[in-house]
Amino acid sequence: EAGVAQSPRYKIIEKRQSVAFWCNPISGHATLYWYQQILGQGPKLLIQFQNNGVVDDSQLPKDRFSAERLKGVDSTLKIQPAKLEDSAVYLCASSFPGPNTGELFFGEGSRLTVL
Amino acid sequence: GDSVTQMEGPVTLSEEAFLTINCTYTATGYPSLFWYVQYPGEGLQLLLKATKADDKGSNKGFEATYRKETTSFHLEKGSVQVSDSAVYFCALSDPFEGAQKLVFGQGTRLTINP
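In short, a report on the structure. (Residues numbered from 1 in each chain as written. Chains lettered and ligands numbered in written order. Predicted model: local features only at pLDDT ≥ 70, side-chain atom pairs only at ≥ 80, totals over all residues. Heavy atoms only, no water.)

**As for the sheet that holds strand β1 (residues 5-7) of chain A**
All names here are of chain A. One open sheet holds the four strands; their spatial order is β1-β3-β8-β7, and the pairing between them is antiparallel. Two strands in the sheet have a free side with no partner beyond their single neighbour: β1 and β7 (65-69). For this sheet, the mean inter-axis angle between neighbouring strands, taken without regard to orientation, is 15°. Strand direction decides the pairing type here: β7 and strand β8 (residues 75-79), joined by five bridges, are antiparallel. Bridged to Glu68 within β8 is Thr76. (Pairing = 2+ DSSP bridges. Helix = DSSP H or I, 4+ residues; strand = E, 2+ residues; numbered from the N terminus. Axes fitted to C-alpha atoms, helices over the stretch in contact; angles between N-to-C directions.)

**Concerning unusual backbone geometry**
In this chain, Ser7 of chain A is followed by Pro8 of chain A through a cis amide linkage whose omega measures -10°. With respect to the element layout, Pro8 of chain A can be found in the loop between β1 and β2 (10-13). Cis geometry is adopted by the peptide bond preceding Pro10 of chain B, which originates at Gly9 of chain B and carries an omega value of -10°. Among the secondary structure elements, Pro10 of chain B is positioned in the loop between β1 (3-6) and β2 (11-14). The phi dihedral of Thr71 of chain B is positive, around 40°, even though this residue is not glycine.

**Section: the interface of chain B and chain A**
The partner chain A presents 24 residues to the 18 residues of chain B that form the contact. Overall, the association of chain B and chain A removes approximately 1,700 Å² of surface from exposure, summing both partners, and the carbon and sulfur fraction of that is 47%. Inspection of the region where chain B meets chain A yields zero salt bridges. Linking chain B to chain A there are two residue pairs in polar contact (both at pLDDT 80 or more). When contributions to the side of chain B that touches chain A are tallied by element, the ones reaching two or more residues are β5 (32-38), β6 (45-50), β10 (86-93) and β11 (102-104) of chain B. A total of three residues in the side of chain B that touches chain A trace back to one element, the largest contributor, which is β5 of chain B. In terms of residue class, the side of chain B that touches chain A is built from eight nonpolar, seven polar and three charged. (Contact = heavy atoms within 4.5 Å. Buried area = accessible area lost by both parts, 1.4 Å probe. Salt bridge = Lys/Arg side-chain N within 4 Å of Asp/Glu carboxyl O. Polar contact = N/O pair within 3.5 Å; in protein donor to acceptor, adjacent residues only side chain to side chain. Nonpolar A, V, L, I, M, F, W, Y, C, P; charged D, E, K, R; others polar.)

**What to know about the pattern of salt bridges**
Tallied over the entire structure, the rule returns six salt bridges over all chains. A salt bridge links Asp86 of chain A to Arg64 of chain A; the nearest nitrogen and oxygen atoms lie 2.4 Å apart. Here Arg64 of chain A lies in the loop between β6 (53-56) and β7 and Asp86 of chain A lies in the loop between β8 and β9 (88-95), a separation of 22 residues in the sequence. A single burial state applies to Asp86 of chain A and to Arg64 of chain A, both of which are buried. One salt bridge in this structure joins Lys56 of chain B and Glu63 of chain B, with 3.6 Å as the shortest N-O distance. (Buried < 20%, exposed > 50% of the residue type's maximum accessible area, 1.4 Å probe, protein only.)

**Section: the state of the cysteines**
All names here are of chain A. In the structure shown here, the tally under the stated rule is two disulfides over all chains. Two residues, Cys23 and Cys92, share a disulfide whose sulfurs are 1.9 Å apart. One quick way to see it: the torsion about the S-S bond of Cys23 and Cys92 is about -70°, and its sign makes the bridge left-handed. Of this pair, Cys23 sits in strand β3 (residues 19-24) while Cys92 is found in strand β9, placing the two residues 69 residues apart along the sequence. Exposure remark for Cys23: the relative accessible area of 0% places this residue in the buried category. (Disulfide = S-S within 2.5 Å.)

Okay, here's the thing in structure tokens:
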């Protein structure tokens, strides 16, 4: 079974530039998450989708971050304009629908460096 | 809000040593508790979980017991191997906050020397 796919794996940009990350979840997983992991910290939830609807985006900095999930499958996370403090690994995860099991399946992440 | 606190790392042990990584939590409701592991070059993956008080989760020789009275979920292994070198994250999911929303601790890097 194919896992969660993310791209690009690495990206280096200058501050005020824009960047986009792509995620393809495991087939059949209705729930998709984007997490931000700053060096030395645990992952922090940015946004959670159920199919193509947003369940929780309370910690998404909406002045610069946006995310969409087209047709309830792939998702894109965009940052525009980037700040130095956005340097982090952006993790995409997906899970089965249904009762809370807590098992999320993570991709390898996209590492962003903002100079 | 909900939070998870893990022991500071990094932790370095010799092969076959006993491992404990401490984890405590605060939550509004009655959370489920998890340990996730991130091996070098790989994504986070679920190691074990416990969904109610006094439950014990176990996998790959690792164990953790859900202690409601001490709000803890410490990870233990009796004899570690070099292949256990990884970053370990304690996490909770609070149904009061919404299904399958994980809150993570800061992670503990474990290195096992042969």
